[in-house]
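Here is how the chains run, residue by residue.
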Amino acid sequence: MLRKDILEVAANVIVVVAGIVFLGTWVANRQSTRPRTTANVTVAPGTQLAPPPGYSWEGHAPTLVLVLRQGCHFCKESLPFYKSLAELEHSGRLNAHLLAVLSDQEAEGRVFMTNEGLEIQSIFGVNPSTLRAAGTPTLVLIDGHGKVLQSWVGKLDAGGEAEVKRVVVKGTNRSG
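Let me sum up the structure you'll find in this document. Just so it is clear, the structure is predicted and the values come from calculations on it, not from any experiment.

A short note on the overall build of the protein
Assigned secondary structure in the protein consists of four helices and five strands. Shown N-terminal to C-terminal, the secondary structure of the protein runs as helices and strands in the order α-β-α-β-α-β-β-β-α. Counting all 176 residues of the protein, 39% fall into the buried class. Surface summary for the protein: the accessible area is close to 9800 Å², and the carbon and sulfur share equals 57%.

Comments concerning unusual backbone geometry
With an omega of -10°, the peptide bond between Thr 136 and Pro 137 qualifies as cis. Mapped onto the fold, Pro 137 is located in the loop between strand E3 (121-124) and strand E4 (138-142). Backbone geometry places Arg 132, a non-glycine residue, at a positive phi of 60°.

As for the side chain of Ser 78
Residue placement: Ser 78 occurs in helix H2 (residues 73-90). Looking at Ser 78, its side chain comes within polar contact range of the main-chain oxygen of Phe 74, at 2.7 Å.

Notes on H2
Within an α-helix, residues lying three or four positions from one another point in the same direction, as the helix has 3.6 residues per turn. Taking 1.5 Å per residue as the helical rise, H2 with its 18 residues ought to reach 26 Å, and the 26 Å between its terminal C-alpha atoms agrees with that figure. At Leu 79, H2 is deflected by roughly 50°, the largest bend along its length, and proline Pro 80 occurs up to four residues later in sequence. Those residues of H2 that fall on the buried side of the exposure criterion are Phe 74, Cys 75, Ser 78, Leu 79, Phe 81, Tyr 82, Ser 84, Leu 85, Ala 86 and Leu 88. Looking at the residues trailing H2, positive phi occurs at Gly 92, about 80°.

A short note on the pairing of strand E5 (residues 148-153)
For E5, the buried fraction is high: five of the six residues fall into the buried class. Note: E4 against E5, five bridges, orientation antiparallel. Paired with Leu 139 across the bridge in E5 is Trp 152. Connecting the antiparallel pair E4 and E5 is a turn made up of five residues, with Gly 146 showing a positive phi of about 85°.

Focus: the sheet that holds E3
Sheet architecture is open: five strands sit in the order E3-E2-E1-E4-E5, paired in mixed fashion. Sheet topology places E3 and E5 at the edges, where each strand pairs with a single neighbour. Strand-to-strand, the axes of this sheet are offset by a mean angle of 20°, without reference to chain direction. Pairing of strand E1 (residues 63-68) with strand E2 (residues 97-102), which is carried by six bridges, proceeds in the parallel orientation. Bridged to Val 65 within E2 is Leu 99. The sheet contacts of helix H4 (residues 158-168) involve E1, E4 and E5, and relative to E5 the element is tilted by about 160°.

Description of the nonpolar core
Leu 64, Leu 85, Val 164 and Val 168 are the most contacted members of the largest nonpolar core, which has 30 residues in total. The leading source of residues in this core is H2, at eight residues. Excluding residues that lie within four positions of it along the chain, Leu 64 makes contacts with Leu 85, Ala 96, His 97, Leu 98, Leu 99, Leu 139, Val 140, Leu 141, Trp 152, Val 164 and Val 168. Among the nonpolar cores identified, the runner-up in size contains 15 residues, and Trp 57, Val 101, Ile 142 and Val 148 belong to it.

What about the packing of H2 against H4?
Where H2 meets H4, the closest approach of the two axes is 11 Å, and the angle between their N-to-C directions is 15°. On the basis of the axis angle, H2 is roughly parallel to H4. Like other packed secondary-structure pairs, H2 and H4 cross with a definite hand, here right-handed. Where H2 abuts H4, its residues Phe 81, Ser 84, Leu 85 and Leu 88 lie against Glu 161, Val 164, Lys 165 and Val 168.

The rules behind the values
- Residues numbered from 1 in each chain as written.
- Predicted model: local features only at pLDDT ≥ 70, side-chain atom pairs only at ≥ 80, totals over all residues.
- Heavy atoms only, no water.
- Helix = DSSP H or I, 4+ residues; strand = E, 2+ residues; numbered from the N terminus.
- Buried < 20%, exposed > 50% of the residue type's maximum accessible area, 1.4 Å probe, protein only.
- Areas by Shrake-Rupley, 256 points an atom, 1.4 Å probe, with all protein chains shown as cover.
- Polar contact = N/O pair within 3.5 Å; in protein donor to acceptor, adjacent residues only side chain to side chain.
- Expected span 1.5 Å × (residues − 1).
- Bend = angle between axes of the 7 residues up to and from the residue.
- Pairing = 2+ DSSP bridges.
- Axes fitted to C-alpha atoms, helices over the stretch in contact; angles between N-to-C directions.
- Contact = heavy atoms within 4.5 Å.
- Core = buried A, V, L, I, M, F, W, Y, C linked by side-chain atoms within 4.5 Å.
- Parallel < 35°, antiparallel > 145°, perpendicular 65-115°, else oblique.
- Left-handed = near helix turned anticlockwise from the far one by under 90°.

Below, the structure written as structure tokens:
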């Protein structure tokens, strides 16, 4: 009888420990896949950045850099917003030039941009860390001298998207 009680207590302890491990793993995974918001700014305003190869900040003042990569689900989820920015640029209503910078090699990067219908100037094979981007997507607004004016990290919520538009769309109140 005593042995049965010990086995029952041991089984209950194992179930509780397994539940705690499962819950801890679930919470950790949930935190790592949560979209980042504008609170996770990785590129501080005032930071000087060198332009990516083949690009000049001076020729396109200011530039809104979209740091993207194929396979990034936050990038893919953000495409409707990026396409709306591209439409604004094509219609002359954007106070910035859009530049996509992708870590993907040119062939796969071009396939991604074409398949997703994002028609903006793109540079491929660039390590995001050269633009001080910790992850994708990252948006960085850079002036004609390479100085960071503002940045946003992750999939932006509606408020974050509105903030970007306030900053870069002609005829809206600029912040920052």
